Amino acid sequence: MSTATRSLLIELGTEELPPKALDELAAAFSTGICDGLKKRGIEADIANAKAYCSPRRLAVLVPAVTETQPDQTQERRGPALNAGLDAGGQPTKALIGFAQSCGVEVAQLEKLETDKGAWFVHRAVKQGQPIVSLLPEIVVEALKTLPIPRPMRWGDHDFTFVRPVHWLVMLYGEELVNGEIFGLKSDRFSRGHRFHFPAPFDVISADLYEVKLIDRRVIPDPVDRRNKVASVVMHAVNELGFEFVEPIDLVAEVSNLLEWPVAIQCMFDKEFLTVPSEALVATMQGNQKFFPVFDANGKLTDHFIGVANIESKNPAEIRRGYERVIRPRFADAKFFYDEDLKTPLAAQQEALKSVTYQQSLGSVWDKCVRVAELARVIANRVGADAGLATRAAALSKCDLLTRMVGEFPELQGVMGRYYASANGENVEVAQALDEFYKPRFAGDGVATGTIGKVLAVAERLDTLAGIFAVGQKPSGNKDPFALRRAALGLARTLIEGDLQLDLKALLTEALQLLPDAALAAGLPKGKDGKSPALDAGARRDALAKELYDFILDRLRGYYADQGVAAEPFESVRALAPADLTDFDKRLRAVVEFSKLPQAQALAAANKRIGNILRQAGGDIGTKIDPALLDAGAETDLHRVVEATAKTIAPLAAQGSYVDTLRELASLREPVDRYFDAVMVMVDDTAKRANRLALLNRLRRMFLDVADISLLPGT
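Residues numbered from 1 in each chain as written. Predicted model: local features only at pLDDT ≥ 70, side-chain atom pairs only at ≥ 80, totals over all residues. Heavy atoms only, no water.

(A) Molecular detail of the overall build of the protein. The number of helices and strands found in the protein is 27 helices and 17 strands. A compact globule built from 714 residues should have a C-alpha radius of gyration of about 27 Å, whereas the protein, at 35 Å, is more than 25% larger. Projected onto its principal axes, the C-alpha coordinates of the protein cover approximately 105 × 95 × 60 Å. When the 714 residues of the protein are sorted by exposure, 48% land in the buried category. Within the protein, contacts between residues at least 6 apart in sequence are counted, and of these 68% link residues at least 24 apart. For the protein, the computed accessible surface area is about 33,800 Å², with 50% contributed by carbon and sulfur atoms. Taking the average place of the 87 positive charges on the side chains of the protein and the average place of its 96 negative ones, the gap between the two points comes to 3 Å. (Helix = DSSP H or I, 4+ residues; strand = E, 2+ residues; numbered from the N terminus. Rg over C-alpha atoms; globule rule 2.2 N^0.38 Å. Buried < 20%, exposed > 50% of the residue type's maximum accessible area, 1.4 Å probe, protein only. Contact = heavy atoms within 4.5 Å. Areas by Shrake-Rupley, 256 points an atom, 1.4 Å probe, with all protein chains shown as cover. Lys, Arg positive; Asp, Glu negative; His and termini not counted. Charge placed at Lys NZ, Arg CZ, Asp CG, Glu CD.)

Structure representation (structure tokens):
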């Protein structure tokens with residue numbers, strides 16, 4: 001077999017691909033091609049394969065691909081030995097038929113013996129095929145794996161793809177690979193920049209693909225193109241005398257909208273700076289894909305940067321076009337803002353009564369009333385101003401009815417803060433109207449103000465309680481009310497905001513504020529189509545437990561992202577602490593304990609103790625009679641257990657769990673000696689009960705922090 005290698009290039013030329021899906025499509029296409037090569041045993045430098053893409057193309061370059069796949073050893077199993085030969089040892093019809101289907105004589109078949117029996121088999125070696133013969137089917141397979149939620153048809157073709165396809169390049173080194181995909185025969189002619197170099201050009205060689213495209217004003221490497229966008233925008237901003245703060249998501253999206261980025265410095269009328277900057281930034285970035293420019297204090301300036309896909313001979317004309325298109329957007333935002341200011345935020349409360357939140361949960365105003373009561377309760381427990389908390393809750397949804405939020409839904413909360421400030425509301429209330437939405441996205445921080453934290457917790461408690469009660473909890477990948485995000489936001493606010501609250505009690509209180517109709521709505525229906533009679537108390541208890549578990553499920557991923565293993569998490573979860581700040585302290589302590597050399601042995605000992613106590617059954621106390629203890633290992637363990645108990649009692653009471661577990665770690669040696677020397681389940685009933693009490697006392701000392709028997713043991 002030849003060991004010569006060459007680079008392999010596949011390029012699919014299309015109409016403009018969706019920018020937000022482009023990176024995923026390119027990665028999937030590259031993975032599909034590489035998987036196809038591996039599946040067929042074709043050696044290649046897959047580690048250095050490159051996924052290229054631009055708005056008009058998907059391409060893959062795989063270096064060092066061998067010319068031919070290895071010979072393929074094939075084995076086909078036929079009848080079992082006892083079914084292939086008759087009593088006289090002659091071939092049966094089944095065996096003869098199998099041999100004929102393989103194209104050989106019965107005598108050419110081999111025997112395969114395994115633990116499960118013996119069979120006739122046919123073994124053959126199929127000569128490996130050249131890559132140029134295999135490539136078309138590899139490409140077809142790869143295309144079928146692409147994540148395309150809404151494929152298109154074009155012309156009168158039956159096939160579909162994310163966008164219409166216009167050209168196909170397949171090269172093995174300099175050799176054209178013949179094939180037909182999407183009705184297009186492959187050739188060696190790619191396309192450069194749509195305007196600068198519109199004519200097809202000969203790629204010549206797979207290794208020259210990127211260079212040839214760059215010569216024709218196309219940057220095919222998405223990382224290079226992204227860096228180029230960031231670079232030209234930064235240069236343009238620096239020329240204006242400002243620093244560029246890179247909006248990573250916008251840079252990525254813009255880089256997938258063009259092939260040759262050119263920055264254009266633009267300006268807008270300063271009168272628009274009276275509009276909240278968030279609204280201007282939202283329309284610049286979201287609608288027009290422009291880059292706002294901020295001064296050294298983070299204040300929006302009247303400059304912005306557009307990125308063109310052409311090196312124009314008249315860039316001033318492009319600038320005027322960008323400035324012309326942004327003006328009506330800004331004018332609309334200014335109009336909405338000015339009109340909204342004419343109506344106090346609180347005046348929207350009445351209108352909220354006619355906006356349905358959920359059929360069984362009432363209006364949006366009904367929700368605000370429930371949230372206000374929860375906010376009052378929570379504020380009193382954390383020492384915050386309950387009046388400010390209830391005021392913030394009463395105003396929390398009012399901005400949803402403003403013109404500005406109607407046009408820019410992503411500004412809910414932000415505009416509430418602006419309008420509340422303009423109406424003379426308390427500063428903490430205004431800040432809370434924005435902050436209670438935090439964290440808005442993965443990686444976002446929680447609210448910083450106390451009233452904001454209180455409102456964030458109250459809002460999420462009501463949402464979770466209400467939607468779970470009416471039976472619309474998440475299922476699979478469906479979560480229309482974003483309850484998973486709400487649960488994580490609630491947990492993060494409690495933990496990171498250091499709100500020492502009884503979550504279980506709060507969940508019960510949130511459920512108590514719901515109407516009975518909501519509690520009944522979620523009850524499962526029987527075969528007769530009717531729901532059972534509502535036992536409101538039992539229903540609330542069941543929902544509170546379900547909600548607590550649901551929130552802890554979100555915390556598992558939260559801590560996993562921080563590198564915390566599953567076992568420490570489960571060891572604390574087993575205790576179900578009601579206060580999540582306490583949960584966090586315990587977990588951090590267990591993680592530190594796990595690093596100690598004594599941890600594994602003590603975890604194993606706790607498992608053993610747990611098993612012994614479980615098997616013993618009954619009501620095992622912790623009262624120990626010293627007179628029944630045997631001298632040596634048993635009295636030694638009792639002595640150190642009592643001494644350690646006195647030491648850790650104040651530590652555990654103060655929540656000093658790290659220090660508590662460090663003290664408990666000193667018990668390793670006496671525990672090991674005890675199990676080496678003492679038989680727990682002796683015939684003497686009194687001694688057995690006494691020893692079980694000692695072990696129970698020891699185990700409970702650990703359970704004051706976590707169930708460390710769930711940690712990995714020796």
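Moving on from the coordinates now.
(B) Looking closely at the sheet that holds strand β8 (residues 175-176). Sheet architecture is open: five strands sit in the order β2-β3-β1-β7-β8, paired in antiparallel fashion. Both outer strands of the open sheet, β2 (50-54) and β8, are each paired with one neighbouring strand and no more. As paired elements, strand β1 (residues 5-14) and strand β3 (residues 57-66) share eight bridges and run antiparallel to each other. Among the inter-strand pairings, Gly-13 is bridged to a residue of β3, identified as Arg-57. Strands in contact with helix α1 (residues 19-39) are β1, β2 and β3; relative to β3, the strand with the most contacts, it is inclined by about 30°. Strands in contact with helix α4 (residues 131-144) are β1, β3, β7 (165-172) and β8; relative to β7, the strand with the most contacts, it is inclined by about 140°. (Pairing = 2+ DSSP bridges. Axes fitted to C-alpha atoms, helices over the stretch in contact; angles between N-to-C directions.)

(C) How the structure looks around the pattern of salt bridges. According to the stated counting rule, one finds 56 salt bridges in the structure shown. A salt bridge links Glu-67 to Arg-6, with the nearest nitrogen and oxygen atoms 3.4 Å apart. Of this pair, Glu-67 sits in the loop between β3 and β4 (72-80) while Arg-6 sits in strand β1, and the two are 61 residues apart along the sequence. According to the relative accessible area criterion, Glu-67 is partly exposed, its value standing at 24%. Owing to a relative accessible area of 29%, Arg-6 belongs among the partly exposed residues under this scheme. Of the charged contacts, one joins Glu-11 and Arg-57 as a salt bridge, the two residues approaching to 2.8 Å between their closest N and O atoms. (Salt bridge = Lys/Arg side-chain N within 4 Å of Asp/Glu carboxyl O.)

(D) Inspection of the packing of helix α6 (residues 222-239) against helix α7 (residues 248-255) at higher detail. One can describe the packing of α6 onto α7 by two numbers: an axis separation of 9 Å at closest approach and a directional angle of 115°. Relative to α7, α6 is oriented so that their crossing is right-handed. Residues Arg-225, Arg-226, Val-229 and Ala-230 of α6 touch α7, and the partners they reach there are Val-251, Ala-252, Val-254 and Ser-255. (Left-handed = near helix turned anticlockwise from the far one by under 90°.)

(E) Representation of the packing of aromatic side chains. Summed over all chains, the structure comprises 20 aromatic pairs. For the ring pair Phe-268 and Phe-304, a centre distance of 6.4 Å and an interplane angle of 25° mean the geometry is stacked. Pair noted here: Phe-268 is in the loop between β13 (262-267) and α8 (277-288) and Phe-304 is in strand β15 (residues 300-308), with a separation of 36 residues, a long-range link. Considering the side-chain rings of Tyr-559 and Phe-569, the 6.2 Å spacing of their centres and the 45° angle between planes classify their relative orientation as tilted. Pair noted here: Tyr-559 is in helix α20 (residues 536-560) and Phe-569 is in helix α21 (residues 566-573), with a separation of ten residues, a long-range link. The exposure class assigned to Phe-569 is buried, which follows from its relative accessible area of 2%. Chaining the aromatic ring pairs together yields one cluster made of Phe-268, Phe-272, Phe-290, Phe-304, Tyr-322 and Phe-330. Geometry around Trp-119 places Arg-77 over its ring, the cationic atom sitting 4.5 Å from the centre. (Phe/Tyr/Trp six-rings, centres within 6.5 Å; stacked < 30°, edge-to-face > 60°. Lys NZ or Arg CZ within 6 Å of the ring centre and 35° of its normal.)

(F) Expanded view of the sheet that holds strand β14 (residues 291-294). Strand order across the open sheet formed by three strands is β13-β15-β14, with antiparallel pairing between neighbours. At either end of the open sheet lies a strand with only one pairing partner, and these are β13 and β14. Ignoring which end each strand starts from, the neighbouring axes of this sheet average 30° apart. The sheet strands contacting helix α9 (residues 315-341) are β13 and β15, and the helix crosses β13 at an angle near 55°.

(G) Quick peek at unusual backbone geometry. Cis rather than trans, the peptide bond between Lys-438 and Pro-439 has omega equal to -5°. For Pro-439, the position within the fold is in the loop between α15 (427-435) and α16 (450-469). Positioned with a positive phi, Phe-182 is a non-glycine residue whose angle comes to about 55°. Accessibility expressed as a relative area gives 14% for Phe-182, which makes it buried. With a phi close to 60°, Lys-289 is a non-glycine residue in the positive phi region.

(H) Broad picture of the layout of surface pockets. Quantified by volume, the largest pocket comes out at close to 1,200 Å³. If you go around the largest pocket, you meet 33 residues; those closest to its centre are Pro-247, Val-281, Ala-282, Gln-285 and Phe-441. Roughly 570 Å³ of volume is contained in the second largest pocket. Around the second largest pocket sit 20 residues that line it, and Lys-397, Tyr-437, Glu-459, Phe-481 and Arg-485 are the ones nearest its centre. Of all the elements in the fold, those that place two or more residues in the lining of the second largest pocket are α11 (364-382), α16 and α17 (483-496). Looking at which element gives the most residues to the lining of the second largest pocket, the answer is α16, with three residues. Here the lining of the second largest pocket is built from residues that sort into eleven nonpolar, two polar and seven charged. (1 Å grid on protein atoms, 1.4 Å probe; cavity = no way out; pocket = protein on both sides within 12 Å on 5 of 7 lines; lining within 4 Å. Points joined across faces, edges and corners; volume = space filled by probe spheres on them. Nonpolar A, V, L, I, M, F, W, Y, C, P; charged D, E, K, R; others polar.)

(I) Spatial organisation of the nonpolar core. Grouped together as the largest cluster of nonpolar side chains are 144 residues, with contacts concentrated most on Met-404, Leu-461 and Leu-580. Here this core takes twelve residues from α16, the largest share from any one element. Those residues in contact with Leu-580 that sit more than four places away from it in its chain are Ala-491, Leu-494, Ile-495, Leu-501, Leu-503, Ile-551, Leu-552 and Leu-555. Core analysis: the next-biggest nonpolar cluster, separate from the first, contains 37 residues, Leu-146, Phe-161, Val-162 and Val-177 among them. (Core = buried A, V, L, I, M, F, W, Y, C linked by side-chain atoms within 4.5 Å.)

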